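# Breakdown of the fold
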Amino acid sequence: GRSDEARRGFQDLAARYPAARGVHFAYGLVLSGEGSPEALPTLRREVELFPDFGEAHLEIALYSVERGNPSEALPSARIAARLLPESPWSHLALGRALLATGSLEEAVVEAARGAAGRDVRVRPVRPEEVARLTIIVSLTLPAEPVTDWRTSDPDRFGILVEAAGGRSAVML
């Protein structure tokens, strides 16, 4: 199908332009979307060639965290947060890797950095608003399956939404 066509096209591009910025990154994204084990080495090739490519570091971090390798994700997540300080996703990825490696305090700080002033979904917090903020950190217990969603109390319990491909979100 189209996925095979895209893979062949990127293989050809990588062979013809092995040192061109973005080629290995784009190919790595295709491979990652397919769940291919070749995604990580392909993304790593991009950062070997272009160590300042923050988006490639971010993809390596996300790929590793989503596959249960937070220790492997941590160096790339730190680099992504440094190279992409305005990206909420770089700080959230770092927060996820830190949390999964047991660094709760640092994880909360990074998650807050990702959400407080840089999350494109909401207006940034202005300096004059900081004194009026109340910060609440909620730690959740492991998720439990719900047999009938209509019996859940959304005011008391969060809802974990999981999508194909390992993506998830918690609605509180």
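Residues numbered from 1 in each chain as written. Predicted model: local features only at pLDDT ≥ 70, side-chain atom pairs only at ≥ 80, totals over all residues. Heavy atoms only, no water.

## Topic: the overall build of the chain
What counts is decided by this rule: In this text, helices come from DSSP runs of H or I with a minimum length of four residues, and strands from runs of E with a minimum of two, each type numbered from the N-terminal end. When a residue's accessible area, from a 1.4 Å probe over protein chains only, is under 20% of the maximum for its type it is buried; when over 50% it is exposed; and in between it is partly exposed.
Secondary structure summary: the chain contains seven helices and two strands in total. For the chain, the N- to C-terminal ordering of α and β elements is α-α-α-α-α-α-α-β-β. For the C-alpha atoms alone, the extent of the chain along its principal axes is close to 55 × 45 × 30 Å. A buried classification covers 30% of the 172 residues belonging to the chain.

## Considering the nonpolar core
Note the following rule: Working definition of a nonpolar core: buried Ala, Val, Leu, Ile, Met, Phe, Trp, Tyr and Cys residues. They are joined through side-chain atoms within 4.5 Å. Between two residues, a contact is recorded if the distance between any of their heavy atoms is within 4.5 Å.
Counting residues in each nonpolar core, the largest one holds twelve residues, listed as Phe 25, Tyr 27, Leu 31, Ala 39, Leu 40, Leu 43, Val 47, Phe 50, Phe 53, Ala 56, Ile 60 and Tyr 63. Secondary structure elements with two or more residues in this core: α2 (23–34), α3 (39–49) and α4 (54–66). No other element matches the four residues that α3 contributes to this core. With near-sequence residues (within four places) excluded, Leu 40 lies in contact with Ile 60, Tyr 63, Ser 64 and Glu 72. Among the nonpolar cores identified, the runner-up in size contains ten residues, and Ala 73, Leu 74, Leu 94 and Ala 97 belong to it.

## Considering the packing of aromatic side chains
Where we set the bar: Classification of ring pairs rests on two measures: the distance between centres of Phe, Tyr or Trp rings, Trp counted by its six-membered ring, which must be within 6.5 Å, and the angle between planes, read as stacked under 30 degrees, edge-to-face over 60 and tilted in between.
Applying the stated criterion across every chain yields a total of two aromatic pairs. Ring centres of Phe 10 and Tyr 27 lie 6.3 Å apart, and the angle between their planes is 15°; this geometry places the pair in the stacked category. Highlighted residues: Phe 10 in helix α1 (residues 2–16) and Tyr 27 in helix α2, separated in sequence by 17 residues. Judged by centre distance (4.8 Å) and plane angle (45°), the ring pair of Phe 25 and Phe 53 falls under tilted.

## Looking at the pattern of salt bridges
For clarity, the threshold we go by: For this document, the term salt bridge refers to a Lys or Arg side-chain nitrogen within 4 Å of an Asp or Glu carboxyl oxygen.
Going through the model one piece at a time under the given rule, you end up with ten salt bridges. A salt bridge links Arg 7 to Glu 34, with the nearest nitrogen and oxygen atoms 3.0 Å apart. Taken as a pair, Arg 7 in helix α1 and Glu 34 in helix α2 lie far apart in primary sequence, 27 residues in all. Arg 7 gets classed as partly exposed once you look at its relative accessible area, which sits at 24%. Overall, Glu 34 belongs to the partly exposed group, its relative accessible area being 29%. Put simply, Asp 12 and Arg 16 hold a salt bridge, and the shortest N to O gap is 3.3 Å. Pair noted here: Asp 12 and Arg 16 are both in helix α1, with a separation of four residues, about one helical turn. Overall, Asp 12 belongs to the partly exposed group, its relative accessible area being 38%. Classification of Arg 16 as exposed rests on a relative accessible area of 52%.

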